[in-house]
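# Descriptive analysis of the structure
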Amino acid sequence: MQQWWQYYAVVAGASATLMGLLFVSVSLNAARLAADEPGGPRRLAEQAFRSYVTIILVSLLALFPSLSLTDFGRASLAITASAAILSIYHLHAFIGGGASERKNLLPPMSRRLISAVIGLGLLIYAEFQMGILGLDARDTLAAGTLVLLSSAALTSWDLLLKLGTK
């Protein structure tokens, strides 16, 4: 992974910066986020936070100097699989809630969750290739981090728009 250290240093830094900005917006709007409405700002903040944390942890693992590709793949697979399980759980809970007001929220909410699941899927695929099969899938891993980072940034933007409308 050492050939990619600059890439993962930049990705980790960008994710940490965006997560810091997310914390600021959440802190300034804590009362609005306390209300747990379907598709509300709290759900957006949780989704973006989960994506940023996943990207930061995978990137930090990639920066370990003595970690083999196989060990990296296994360790990052555990992190990413956990994040994917949480994302799928939240998507299922959102869709399965049955509330009539959720029907109007489903298209925008599902688009955000689906893009995150695609990013997580690319990461899991690459990590499985590296950690279990012993193959080199660093290019797919990099693509997965970009998709997940883009998804998190767009979700954060949606959160800011939602917080600014009321």
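Residues numbered from 1 in each chain as written. Predicted model: local features only at pLDDT ≥ 70, side-chain atom pairs only at ≥ 80, totals over all residues. Heavy atoms only, no water.

On to the packing of helix α1 (residues 5–28) against helix α3 (residues 41–62). Interhelical geometry of α1 versus α3 gives an angle of 155 degrees and a closest axis separation of 9 Å. Taken together, α1 and α3 sit at an angle that is classed as roughly antiparallel. Along this stretch, α1 crosses α3, giving a crossing that reads as left-handed. Residues Y8, V11, A12, S15, A16, L18, M19, L22, F23 and V26 of α1 pack against A45, A48, F49, Y52, V53, I55, I56, S59 and A62 of α3. (Axes fitted to C-alpha atoms, helices over the stretch in contact; angles between N-to-C directions. Helix = DSSP H or I, 4+ residues; strand = E, 2+ residues; numbered from the N terminus. Parallel < 35°, antiparallel > 145°, perpendicular 65-115°, else oblique. Left-handed = near helix turned anticlockwise from the far one by under 90°. Contact = heavy atoms within 4.5 Å.)

To continue, consider α1. Taking 1.5 Å as the rise per residue, α1 with 24 residues should run 34 Å; its terminal C-alpha atoms sit 35 Å apart, in good agreement. Inspection of α1 places Y8, V11, A12, S15, M19, L22 and S25 among the buried residues, and these make up the whole buried set. Tucked inside the fold, the buried residues of α1 contact α3 and α6 (138–164). (Expected span 1.5 Å × (residues − 1). Buried < 20%, exposed > 50% of the residue type's maximum accessible area, 1.4 Å probe, protein only.)

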